[in-house]
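# Reading the structure
So the chains spell out like this:
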Amino acid sequence: MRRARRILLGWTIGYVLFSVTGGMILAELQLHPWRRPLSHTEQAANFVRTHYGTELQNIEITAPDGTTLNAWYVRPQKANGRDILMLHGVTDNREGVAGFAPTFLDRGYSVLLPDSRAHGESGGTLATYGLRESGDIHRWVAWLYARQNSKCVYGFGESMGAALVLQSLSQEDSFCAVVAESPFSSFRAVGYERAAFYFRAPSWVGRTVLRLPVEAGMGYAKWRYGLDFSSDSPAEAVGYSTTPILLIHGTDDINILPHHSDLIAAGSPSHVTLWRVPGATHCGASSVEPELFWTKVLAWFDTHRKQATGKSGKGVT
């Protein structure tokens, strides 16, 4: 019995040490993602000039905490007066969603493609998965209404960008509509699953065996950086909003599991529509069902043209 107790105590101490150390390392890796540099700026500028007879504008604004945020803005010659804010995924940059822009531009939409903080050419050293990015998005929306006199601003996000635009709805009420592909429902829930993914284990392992390392990492982020990821919940933000939202999620997505969109949609059925795409992997709907993807996305934006009357449009720098 004594030997068994010693073994059990040793395993317990080892597990706790592993959890604390692993949680700290995991937190640092997630908060400081690899920064992908822009590599196609000249090509993008030439494409815009050739196809749309306009210039690729470099835009810079300042976030509430002083962080510099950078973006591309394109207004086609035959603009319809409406703008789409396009948000990329983690470790990516504005070029990651630029491939969607021509279809919007062809239909008269202007597009704004920012680099999220700690990504691309934007400032900041920490990626906070919506905690600070929500304020950044509010500033971008305000810029579009105040400086571009937009009739309607729409949100379009992929992966982390999808979660960011949904999380921003807790303080941004001026979107006319949003399209979000492959978002997570809460940082905590996706944290459990990502931990299991790193170990190539089933998702239930993340919610059980790896639960303590994830919680330790979240506690470390709050202690060292003042970031409370327990409040990072796109599902809750959507619940407080009335913005029309089209969720898109592939049934074969193993990066962010489809149940995240199921949960978001189930919590807000009055203004959320979910399109589950059979056979699509992470952010893969436009590859599996390209024609249907664009039919649904363009119809969603075209249907929701209500003039925004929210709180954006002031305090832009």
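What counts and how
Residues numbered from 1 in each chain as written. Predicted model: local features only at pLDDT ≥ 70, side-chain atom pairs only at ≥ 80, totals over all residues. Heavy atoms only, no water. Helix = DSSP H or I, 4+ residues; strand = E, 2+ residues; numbered from the N terminus. Expected span 1.5 Å × (residues − 1). Buried < 20%, exposed > 50% of the residue type's maximum accessible area, 1.4 Å probe, protein only. Arc of directions from axis to C-beta. Contact = heavy atoms within 4.5 Å. Salt bridge = Lys/Arg side-chain N within 4 Å of Asp/Glu carboxyl O. Polar contact = N/O pair within 3.5 Å; in protein donor to acceptor, adjacent residues only side chain to side chain. Patch = residues over 30% accessible without salt bridge, like charges linked within 9 Å, V, L, I, M, F, W, Y side chains within 5 Å. Areas by Shrake-Rupley, 256 points an atom, 1.4 Å probe, with all protein chains shown as cover. Lys, Arg positive; Asp, Glu negative; His and termini not counted. Charge placed at Lys NZ, Arg CZ, Asp CG, Glu CD. Core = buried A, V, L, I, M, F, W, Y, C linked by side-chain atoms within 4.5 Å. Phe/Tyr/Trp six-rings, centres within 6.5 Å; stacked < 30°, edge-to-face > 60°. Lys NZ or Arg CZ within 6 Å of the ring centre and 35° of its normal. Pairing = 2+ DSSP bridges. Axes fitted to C-alpha atoms, helices over the stretch in contact; angles between N-to-C directions.

Here the focus is helix 9 (residues 211-225). Between its first and last C-alpha atoms helix 9 spans 21 Å; for 15 residues at 1.5 Å apiece the expected length is 21 Å, and the two agree. Of all the positions in helix 9, only P213, V214, G217, M218, Y220, A221 and Y225 are classed as buried. Seen from one end, helix 9 has its buried residues packed into an arc of 155°, which puts them on one side. The elements touched by buried residues of helix 9 are helix 1 (2-31) and helix 7 (187-198).

Now for the pattern of salt bridges. For the structure on display, the rule yields 11 salt bridges. Residues R94 and E121 are paired through a salt bridge, measuring 3.6 Å at the closest nitrogen-oxygen approach. Taken together, the residues span a long stretch of sequence, with R94 in the loop between strand 3 (82-87) and helix 3 (95-98) and E121 in the loop between strand 4 (110-114) and helix 5 (133-147) at a distance of 27 residues. Residue classification places R94 among the buried positions, given a relative accessible area of 1%. Salt bridges here are not isolated pairs; linked through shared partners, they connect D65, R117 and D136.

Along the chain, W223 falls in helix 9. Taking the C-alpha atoms as reference points, W223 and G53, 170 residues apart in sequence, are found 51 Å from one another.

The subject of this paragraph is the side chain of S182. By the secondary structure assignment, S182 is in the loop between strand 6 (175-181) and helix 7. Classification of S182 by relative accessible area gives buried; the value is 0%. Among the polar contacts made by the side chain of S182, one reaches the side chain of D253 at a distance of 3.3 Å.

The next thing to look at is a positive patch on the surface. Taken together, the side chains of R2, R3, R5 and R6 define a basic patch exposed on the protein surface. Relative to the assigned elements, R6 resides in helix 1. On the basis of relative accessibility, which here comes to 56%, the residue R6 falls in the exposed class.

A separate point is the nonpolar core. Counting 90 residues, the largest nonpolar core has M86, F104, F156, L166 and F301 as its most contacted members. The contacts of F104, once residues within four sequence positions are left out, are I84, M86, Y109, V111, F156, W294, V297, L298 and F301.

Turning our eyes to something else, we now look at the packing of aromatic side chains. All told, the structure shown has 19 aromatic pairs when counted by the stated rule. In this structure an aromatic cluster arises from ring pairing among F100, F104, Y109, Y154, F156, F293, W294 and F301. Over the aromatic face of W275 sits the side chain of K296, whose NZ or CZ is 5.3 Å from the ring centroid.

In spatial order, the strands read 1-2-4-3-5-6-7-8; together these eight strands make up an open sheet with mixed pairing. Two strands close off the open sheet at either side, each with one partner strand: strand 1 (57-62) and strand 8 (272-277). Strand after strand, the sheet turns through a mean of 20° between neighbouring axes, direction not considered. With six bridges connecting them, strand 7 (residues 245-250) and strand 8 associate as parallel partners. Residue pairing across strands places I245 opposite V272, the latter belonging to strand 8.

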